[in-house]
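Residue-level structural notes
Single-letter residue listing:
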Amino acid sequence: MAKSKAAKARPRDGRVSDMVRVPRGPVDLSAFDTTATPGFDGDKEAGKVALADLGPRIADLQEKLFAEGATGGRRSLLLVLQGMDTSGKGGTVRHVLGQVDPQGVAHTAFKVPTAEEKAHDFLWRFRRALPGPGMLGVFDRSYFEDVLVVRVHDLVPKQTWSRRYATINRFEESLVSKGTVVVKCFLHISRQESRDRLLARLDDPTKQWKFKPGDIDEREYWGAYEQAYADALEKCNTDSAPWHVIPSDRKWYRNWAITNLLVEHLEAMALDWPKPDFDVEEQRRRLLATE
Ligand code: ATP
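Residues numbered from 1 in each chain as written. Predicted model: local features only at pLDDT ≥ 70, side-chain atom pairs only at ≥ 80, totals over all residues. Heavy atoms only, no water.

**Topic: the packing of aromatic side chains**
By the definition in use, this model includes 14 aromatic pairs. Measuring from centroid to centroid gives 5.5 Å for F126 and Y143, while their planes differ by 90 degrees, and the two rings are edge-to-face. Pair noted here: F126 is in helix α6 (residues 124–127) and Y143 is in the loop between β5 (136–140) and α7 (149–152), with a separation of 17 residues, a long-range link. Both residues of the pair, F126 and Y143, count as buried. Aromatic side chains Y253 and W256 sit 5.9 Å apart centroid to centroid with 45 degrees between the ring planes, which places their arrangement in the tilted category. One end of the pair is Y253 and the other is W256, both in helix α12 (residues 251–268) and three residues apart, which spans about a single turn. Summarising the burial analysis for this pair, Y253 and W256 share the class buried. Linked through ring pairs, F110, F126, F139, Y143, F144, F171 and W243 together constitute an aromatic cluster. The aromatic ring of F122 is capped on one face by R164, whose charged end is 4.6 Å from the ring centroid. The ring of Y165 carries K235 above its face, with NZ or CZ at 5.6 Å from the centroid. (Phe/Tyr/Trp six-rings, centres within 6.5 Å; stacked < 30°, edge-to-face > 60°. Helix = DSSP H or I, 4+ residues; strand = E, 2+ residues; numbered from the N terminus. Buried < 20%, exposed > 50% of the residue type's maximum accessible area, 1.4 Å probe, protein only. Lys NZ or Arg CZ within 6 Å of the ring centre and 35° of its normal.)

Here's what the structure looks like:
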């Protein structure tokens, strides 16, 4: 029964990237349903099957990107993951990036800046972590924290953080112009779902290590974060690096959608296997002439 349901479930036509892309203009996060599954008709089981189906495709594309980088190409892809606490940034990395060769992934989780990082301009630590040629980079939190947590907790004056939207846009534009495809995802969960996930962490001895008492205090700022996110999603929603809102109350959908986004962006890069810079027949003859 469950099997036939899974077999029947099909992704809907069209690019998932287009379906979850944030339209230009003011953003009202309450208008985005955190339980929606844009582009997918089916349940959790079907979603897991569909994700597994995408595995070989994303692995093949990532290997082509890596091969291009290893043979002189300059292009790369940067996945930027943002979301409230418990929105599933870590789970996304495990389930989505876990499908590709780890040697081609450059993952960085950004925490509270260190003293050294604070001594530089806010983009310094991100520039140092950018993916090199052929790499699939992942920023688990990013320079957007500098207009999110920093704004919500008044860590710098408004005059400072409000200038950063334009700085971020210029930074992303320059990355794109140098051959990095920037894919920005806001993992959108409801306040209730976040509460349930924190409770699950408390209830499960294997998850208690993830719980921080401060996460409960942070919930007081939920509305302020929503406003800060809405502004970041509006002001940094450019043609070169648009925002995507990923409904993330359903983890299986989040994983499927982000895998699709990566597949679609990698496919748009028209990657191909590099041509050898040697004569294959000549090398075959040489090899066969050896013992
Ligand atoms: P999880 O979401 O799975 O709980 P995490 O990403 O929250 O993991 P933590 O080490 O708990 O990991 O959190 C990193 C913290 O760093 C966050 O609270 C975030 O707000 C904070 N942070 C990131 N960038 C900055 C910044 N520029 N200034 C101040 N705090 C920052």
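Still more to cover.
**Brief notes about the site of the ligand**
Within the structure, the ligand sits among 15 residues, and K111, V112, R141, D146 and K212 are positioned closest to it. Contact between the ligand and K111: an oxygen atom at 3.1 Å from a side-chain N or O atom of the residue. Within the side chain of D146, a nitrogen or oxygen atom sits 3.2 Å from a nitrogen atom of the ligand. In isolation the ligand offers 630 Å² of accessible surface; the protein chains occlude 77% of this area. Among the residues forming the shell around the ligand, the class breakdown is five nonpolar, one polar and nine charged. (Near = heavy atom within 4 Å. Polar contact = N/O pair within 3.5 Å; in protein donor to acceptor, adjacent residues only side chain to side chain. Areas by Shrake-Rupley, 256 points an atom, 1.4 Å probe, with all protein chains shown as cover. Nonpolar A, V, L, I, M, F, W, Y, C, P; charged D, E, K, R; others polar.)

**What about the pairing of strand β7 (residues 243–247)?**
Taking burial as the measure, the five residues of β7 include five buried ones, the bulk of the element. Strand direction decides the pairing type here: strand β6 (residues 180–188) and β7, joined by five bridges, are parallel. Note on β7: the bridge partner recorded for C185 is H244. (Pairing = 2+ DSSP bridges.)

**Considering the sheet that holds β5**
Here we have five strands laid out as an open sheet, ordered β4-β5-β3-β6-β7, and parallel in their pairing. Whereas interior strands pair on both sides, the edge strands pair on one side only; in this sheet they are β4 (105–109) and β7. Within the sheet, the average angular offset between the axes of one strand and its neighbour, ignoring direction, is 20 degrees. Strands β3 (76–83), β6 and β7 of the sheet are contacted by helix α11 (residues 222–235), whose axis makes an angle of about 135 degrees with β7. Across the face of the sheet, α12 comes into contact with β3, β6 and β7 while running at roughly 150 degrees to β7. (Axes fitted to C-alpha atoms, helices over the stretch in contact; angles between N-to-C directions. Contact = heavy atoms within 4.5 Å.)

**A look at the packing of helix α4 (residues 89–96) against α12**
Relative orientation of the contacting elements α4 and α12 amounts to 60 degrees, with a least axis distance of 10 Å. Of the possible angle classes, the one that applies to α4 and α12 is oblique. The two elements α4 and α12 cross, and the hand of that crossing is right-handed. Between α4, through G91, T92, H95 and V96, and α12, the contact on the second element is made entirely by R254, N255, I258, T259 and L262. Among the residues making up the contact of α4 with α12, the classes are represented as three nonpolar, five polar and one charged. (Parallel < 35°, antiparallel > 145°, perpendicular 65-115°, else oblique. Left-handed = near helix turned anticlockwise from the far one by under 90°.)

**Here's the deal with the pattern of salt bridges**
Using the criterion set out here, one finds 15 salt bridges in the structure. The salt bridge partner of K64 is D60, with a shortest N-O separation of 3.1 Å. One end of the pair is K64 and the other is D60, both in helix α3 (residues 44–70) and four residues apart, which spans about a single turn. A relative accessible area of 14% means that K64 is categorised as buried. Of the residues examined, D60 reaches a relative accessible area of 32% and is grouped as partly exposed. Taking the shortest distance from any N to any O, the salt bridge between R127 and D121 comes out at 3.5 Å. (Salt bridge = Lys/Arg side-chain N within 4 Å of Asp/Glu carboxyl O.)

Distances and angles like these do not, on their own, reveal function.
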